[in-house]
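Letter by letter, the chains look like this.
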Amino acid sequence: MVSYTQVKQGLSGYITNEIIAKMAGWQQWVAGAFVALAMTRADQIFDTIRTSPAVKLLGVVSEDGMVDIDALHTAFRQQAKDSVQIDLPMLGAVTLAPGDIDLIYQYIKQGG
């Protein structure tokens, strides 16, 4: 179990270092601004996710806000067999490979 703050810092670190750093020009600016805004609203976003019926049913977030990152990592790793492409409006396509699941996990475990 890790704290919500650790998850937030880890995701921010992954996105900044592994995605935004590989962009150029105005796309890098827009993506950086988007992440910065998302981080200022992360508490609200997390509360919405934490209180959703699906998340409660799965039990991956405790009542005190701790996240079962090991269970999430295992579940995602089992499903991530191939690379996937995500089209981000204005920014273009981002490809995530199965190894990115492990990389995100490492960023979270290290706290960013």
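Residues numbered from 1 in each chain as written. Predicted model: local features only at pLDDT ≥ 70, side-chain atom pairs only at ≥ 80, totals over all residues. Heavy atoms only, no water.

The geometry of helix α1 (residues 4-19) relative to helix α6 (residues 98-110) is characterised by a closest axis approach of 7 Å and an angle of 130° between their N-to-C directions. Between α1 and α6, the angle falls in the class oblique. In the crossing of α1 with α6, the sense of the turn from one axis to the other is right-handed. Here α1 contributes Gln-6, Val-7, Gly-10, Leu-11, Gly-13, Tyr-14, Asn-17 and Glu-18 to the contact with α6, which in turn contributes Asp-100, Leu-103, Ile-104, Tyr-107, Ile-108, Lys-109 and Gln-110. (Axes fitted to C-alpha atoms, helices over the stretch in contact; angles between N-to-C directions. Helix = DSSP H or I, 4+ residues; strand = E, 2+ residues; numbered from the N terminus. Parallel < 35°, antiparallel > 145°, perpendicular 65-115°, else oblique. Left-handed = near helix turned anticlockwise from the far one by under 90°. Contact = heavy atoms within 4.5 Å.)

Glancing now at the pattern of salt bridges. In this structure the tally under the stated criterion is four salt bridges. Of the charged contacts in the structure, one is a salt bridge between Lys-22 and Glu-18, with a shortest N-O distance of 3.8 Å. For Lys-22, a relative accessible area of 62% corresponds to the exposed category. We note a salt bridge from Arg-77 to Asp-102, for which the minimum N-O separation is 3.0 Å. Taken together, the residues span a long stretch of sequence, with Arg-77 in helix α5 (residues 69-79) and Asp-102 in helix α6 at a distance of 25 residues. With a relative accessible area of 24%, Asp-102 lands in the partly exposed category. (Salt bridge = Lys/Arg side-chain N within 4 Å of Asp/Glu carboxyl O. Buried < 20%, exposed > 50% of the residue type's maximum accessible area, 1.4 Å probe, protein only.)

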